[in-house]
Amino acid sequence: MPDNSRSDDPGQEKRPRINSRWRDRFIERLAQSSNVSRSAEFAGVSNSYVYRARANEPEFAQRWLAALWEGYEHLEMEVLRRLREGDLQTADASKYDFANAIRLLNAHRDNAARAQAEQRNVSAAEIRGSIDRKVEEIRLRIQQERAREAKDT
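Residues numbered from 1 in each chain as written. Predicted model: local features only at pLDDT ≥ 70, side-chain atom pairs only at ≥ 80, totals over all residues. Heavy atoms only, no water.

A.B. asks: What is the right way to read the packing of helix H4 (residues 58-85) against helix H5 (residues 98-107) from this model?
C.D. replies: Packed helices, taken two at a time, are described by the angle between their axes plus the distance between the axes. The geometry of H4 relative to H5 is characterised by a closest axis approach of 10 Å and an angle of 150° between their N-to-C directions. With respect to each other, H4 and H5 are oriented roughly antiparallel. Note that H4 runs across H5; the crossing there is left-handed. Where H4 approaches H5, its residues Tyr 72, Leu 75, Glu 76, Val 79, Arg 82 and Leu 83 are matched on the opposing element by Phe 98, Ala 101, Leu 104 and Leu 105. In terms of residue class, the contact of H4 with H5 is built from eight nonpolar, no polar and two charged. (Axes fitted to C-alpha atoms, helices over the stretch in contact; angles between N-to-C directions. Helix = DSSP H or I, 4+ residues; strand = E, 2+ residues; numbered from the N terminus. Parallel < 35°, antiparallel > 145°, perpendicular 65-115°, else oblique. Left-handed = near helix turned anticlockwise from the far one by under 90°. Contact = heavy atoms within 4.5 Å. Nonpolar A, V, L, I, M, F, W, Y, C, P; charged D, E, K, R; others polar.)

See the structure below:
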């Protein structure tokens, strides 16, 4: 079995090799999941490594923000699709956690607003207002769906 470790300095501990495409793998998974830890694991690097790269590499930081925005949009569209189609259960037949989805949307709102503002060249406050309106619409739809469910039972 080949030795997949390296050490630039013989006095240092050997570190595992890092795939040269780790940034692409990380960004791809971040856009799908909005989860930094899982994305770093998928890319084969540590959380501290990706945060250090984000701090030191402006282009990577831009890609990170864009991926978070994409992930935010995916989650928003998934919630809306489920509400429109009445798809209230997950693949394993448990109830879809709309409350947690709303919490995630709110938690990522500022980063998503900043990313979208940079792409559209508008203020983050304008984007935050737009996001707040969308989240409120989703919240109202969930309340309406719950009211219908309660009436049906």
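Here the narrative resumes, following the displayed structure.
A.B. asks: Explain the pattern of salt bridges here, please?
C.D. replies: Opposite charge on two side chains permits them to pair, given that their charged atoms come into close proximity. Applying the stated criterion across every chain, the model contains 12 salt bridges. Notably, a salt bridge pairs Asp 24 with Arg 63, separated by 2.8 Å at the nearest N-O pair. Of the two residues, Asp 24 sits in helix H1 (residues 22-33) while Arg 63 sits in helix H4, which places them 39 residues apart along the sequence. The partly exposed category is assigned to Arg 63, whose relative accessible area is 29%. In this structure, Glu 76 engages Lys 134 in a salt bridge whose closest nitrogen and oxygen atoms are separated by 3.8 Å. (Salt bridge = Lys/Arg side-chain N within 4 Å of Asp/Glu carboxyl O. Buried < 20%, exposed > 50% of the residue type's maximum accessible area, 1.4 Å probe, protein only.)

A.B. asks: Mind showing me how you'd approach the environment of Arg 128 here?
C.D. replies: Looking at where Arg 128 falls in the secondary structure, it is placed in helix H7 (residues 124-152). Sequence separation of Arg 128 and Asn 111 is 17 residues, and the distance between their C-alpha atoms is 9.5 Å. If near-sequence neighbours (up to four positions away) are discounted, Arg 128 is found in contact with Arg 109, Asp 110 and Ala 113.

A.B. asks: What exactly am I supposed to notice about the confidence of the model for the chain here?
C.D. replies: Parts of the prediction with low pLDDT should not have their coordinates interpreted in detail. On average, residues of the chain score 80 in pLDDT, and 82% of them reach the 70 mark or higher. Helix H3 (residues 47-56) holds the highest mean pLDDT among the elements of the chain, 95, whereas strand E1 (residues 5-6) holds the lowest, 41. A low-confidence stretch, residues 1-15 stays under pLDDT 50, and its non-local contacts, those more than four residues away or across chains, total 18 contacts. (pLDDT = per-residue confidence, 0-100.)

A.B. asks: Explanation requested: the packing of aromatic side chains in the structure shown.
C.D. replies: The geometry of an aromatic ring pair comes down to the distance between the two centres and the angle between the two planes. Applying the stated rule across the entire model yields nine aromatic pairs. Consider the rings of Tyr 51 and Trp 64, whose centres lie 5.2 Å apart with planes at 45°: the pair is tilted. Highlighted residues: Tyr 51 in helix H3 and Trp 64 in helix H4, separated in sequence by 13 residues. The class of Tyr 51 is partly exposed, set by a relative accessible area of 36%. With a centroid separation of 5.9 Å and an interplanar angle of 80°, the aromatic rings of Phe 60 and Trp 64 are classed as edge-to-face. On the criterion of helical spacing, the pair formed by Phe 60 and Trp 64 is a turn pair, its members being four residues apart in helix H4. Overall, the relative accessible area of 2% leaves Phe 60 in the buried class. The positively charged end of Arg 29 is found above the aromatic ring belonging to Phe 42, 3.7 Å away from the centroid. Sitting above the plane of the Trp 64 ring, Arg 54 keeps its charged end 4.5 Å from the centroid. (Phe/Tyr/Trp six-rings, centres within 6.5 Å; stacked < 30°, edge-to-face > 60°. Lys NZ or Arg CZ within 6 Å of the ring centre and 35° of its normal.)

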